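Residue-level structural notes
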Amino acid sequence: MLHFERWKIWSIVGICLLGALFALPNLFTREQVATWPSFVPHTRVNLGLDLRGGVYLLYEANIDDLKTGLLKSLREDARARLRTAKIGYTAIGASPEGVRVRLLKPEDGDRALVDLRKMISSVGASTFATGAPDLEIRRDTDGSLLLTPTEASIRARIVNGMNAAIETIRKRVDALGTTEPSIQRQGIDRIVIQVPGFDKPEQLIDVIGKTAKLAFHEVDRSKSVEEALASGPPVGSELFDYVEDGRGKILLKSVPVVDGADLVDAQQSFDQQTNEAVVSFKFNTAGAVKFGKFTTEHLKEPFAIVLDGQAISAPVIQSAITQGQGQISGNYTPNSANALAIQLRSGALPFELSIKEQRTVGASLGADSIRAGTVAALIGTAAVAAFMMFAYGLFGFFSVMALCINVVLLFAAMSILGQTLTLPGIAGVVLTVGMAVDSNVLIYERMREELRAGKSAIMAIEQGFSRALVTVIDSHITTLVAGIIMFWLGTGPIRGFAVALTIGIALSIFTAFTVTRLFVVFWLKRQKQVKTVDVPV
């Protein structure tokens, strides 16, 4: 237990030196670190919102939007399949219970049922599980067919939608030039956004809040808007709100000619003729082909630009647009045009988000938190160091040295992992200091017991480390499990505390039984040279 091979000594020293190297950037400003050579670590511990100041937003997703989109997709898929199979129908409508299909000929029911059941696929399938069906299709008592998404399908849709929303929000926030944003899912339908160092909540809300679903629709001229309002729109068409020039509604084909999925770029620019702010956009190859084909076949006819379910413009096609480029004009300022360009560039949100909580933390308050947390940590560490050296003398000093190495390695690990340090995280660091010292207390008290039992000094040291190991690991594992559970179930500050505590607990075992023991071994060798060994505990 007290013997260290040379490679072990160099391994321990190497780990400590690497830890110091990775923790070093935290002692300098970001600008200073940026000037360092590339081979030197540059990563630093990110400061959380409560330490740096910034914006906190809590959004709630409109899950009903997602379910409505799922039913619309099912309706269009069912319509396309029935047309391909040449099965006539009188109506296909979406309602909260599902998509109901009414056939023109009841005798086509069996054939339609077989064909529509080809739409069923499985969700949650893996190597060890077959998955559950995503759709239930049955014939109702009145002869109609009902297509109902299963709970498994809806859950999978919600999970995928939330993941897509988080990625879209991240792209939008990153486009504002912010650093180290924290975007996390909370519960089933909520998203927490924390942007440290950002002091413009209105700009953030404006960029994040809109779904930015862009689509280009053909105008349906088979009926007037008044007729559609009176008797309903034709099959395959819908009435949209029309915001241009204060007009109320416009009748458009339901299926867009091109949608935002084919958009590859959007930038704020200025119209060369009017000098007003506009948004210039560009389609990918597939979108350019579809848009070029449509504009070629519909010259001198209007088409509508639909953004978030509202028709914002309905220009007449003057010439074929085959280059896949265009612009969206309106009453935009340069800032609002830039915000819309960011939204379109980052992709559409799968559902509407409503803000539930907004909080701004000032930079001065964050600085006060850092100062208070630092003072608390220093006072706690100083008190622990004073107690250890008073109670255990030279061995207490060894513990304090190992404790400093523990803190350095903790910040190195957090820097490497890119963790965010919060005020509760500082509390976790302080608690880690206490837990690390607790390991040494157990070791030293075991040594005292062995000395009282009449063991020699070297044997007492040997037994102190070996017999205290089980007790230390047992006590640390219970704390480690608690930290893991807090990280798993907690959010925000709770996670920050759990991360600091968990990493610190794991490192404390390393420092207590390797670093402290190495100091003791070096001391023992020195004592043997002077032919006296007196354990200072």
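Residues numbered from 1 in each chain as written. Predicted model: local features only at pLDDT ≥ 70, side-chain atom pairs only at ≥ 80, totals over all residues. Heavy atoms only, no water.

With that settled, consider the overall build of the chain. On a plain count of helices and strands, the chain comes out with 14 helices and 21 strands. The C-alpha atoms of the chain give 33 Å as radius of gyration, which overshoots the globular expectation for 537 residues (24 Å, by more than 25%). Reported as C-alpha extents along the three principal axes, the dimensions of the chain are approximately 105 × 60 × 40 Å. The burial tally for the chain puts 42% of its 537 residues in the buried class. Across the chain, the fraction of contacts at a sequence separation of at least 24, relative to all contacts at a separation of at least 6, is 68%. As displayed, the chain has an accessible area near 27500 Å², and 58% of this comes from carbon and sulfur atoms. Once the 54 positive and 51 negative side-chain charges of the chain are each reduced to a mean point, those two points are 7 Å apart. (Helix = DSSP H or I, 4+ residues; strand = E, 2+ residues; numbered from the N terminus. Rg over C-alpha atoms; globule rule 2.2 N^0.38 Å. Buried < 20%, exposed > 50% of the residue type's maximum accessible area, 1.4 Å probe, protein only. Contact = heavy atoms within 4.5 Å. Areas by Shrake-Rupley, 256 points an atom, 1.4 Å probe, with all protein chains shown as cover. Lys, Arg positive; Asp, Glu negative; His and termini not counted. Charge placed at Lys NZ, Arg CZ, Asp CG, Glu CD.)

With that settled, consider the packing of helix H6 (residues 151-175) against helix H10 (residues 334-346). Relative to each other, H6 and H10 sit at 140°, their axes nearing to 9 Å. Put simply, H6 runs oblique to H10. The crossing of H6 and H10 is right-handed. Taken together, the residues of H10 that come into contact with H6 (itself represented by Thr168, Lys171, Arg172 and Ala175) are Ile342, Gln343, Arg345 and Ser346. Class assignment of the residues belonging to the contact of H6 with H10 gives a composition of 2 nonpolar, 3 polar and 3 charged. (Axes fitted to C-alpha atoms, helices over the stretch in contact; angles between N-to-C directions. Parallel < 35°, antiparallel > 145°, perpendicular 65-115°, else oblique. Left-handed = near helix turned anticlockwise from the far one by under 90°. Nonpolar A, V, L, I, M, F, W, Y, C, P; charged D, E, K, R; others polar.)

A word on the layout of surface pockets. If you add up the space inside the largest pocket, you get close to 1300 Å³. Surrounding the largest pocket, 39 residues form its lining, Asp65, Gly69, Lys72, Lys213 and Gly309 being those nearest its centre. Contributing elements (two or more residues each) for the lining of the largest pocket: helix H4 (63-84), H6, strand S11 (214-218) and strand S12 (237-242). Residue contributions to the lining of the largest pocket peak at 9 residues, all from H4. (1 Å grid on protein atoms, 1.4 Å probe; cavity = no way out; pocket = protein on both sides within 12 Å on 5 of 7 lines; lining within 4 Å. Points joined across faces, edges and corners; volume = space filled by probe spheres on them.)

Between its first and last C-alpha, H4 extends 32 Å over 22 residues, near the 32 Å set by a 1.5 Å rise per residue. If you check which residues of H4 are buried, you get Ile63, Leu66, Leu70, Leu71, Leu74, Arg75, Ala78, Arg79 and Leu82. N-cap assignment for H4: the residue whose side-chain oxygen lies 3.1 Å from the backbone N of aspartate 64 is asparagine 62. Looking one or two residues beyond H4, the residue adopting positive phi is lysine 86, at roughly 60°. (Expected span 1.5 Å × (residues − 1). Polar contact = N/O pair within 3.5 Å; in protein donor to acceptor, adjacent residues only side chain to side chain.)

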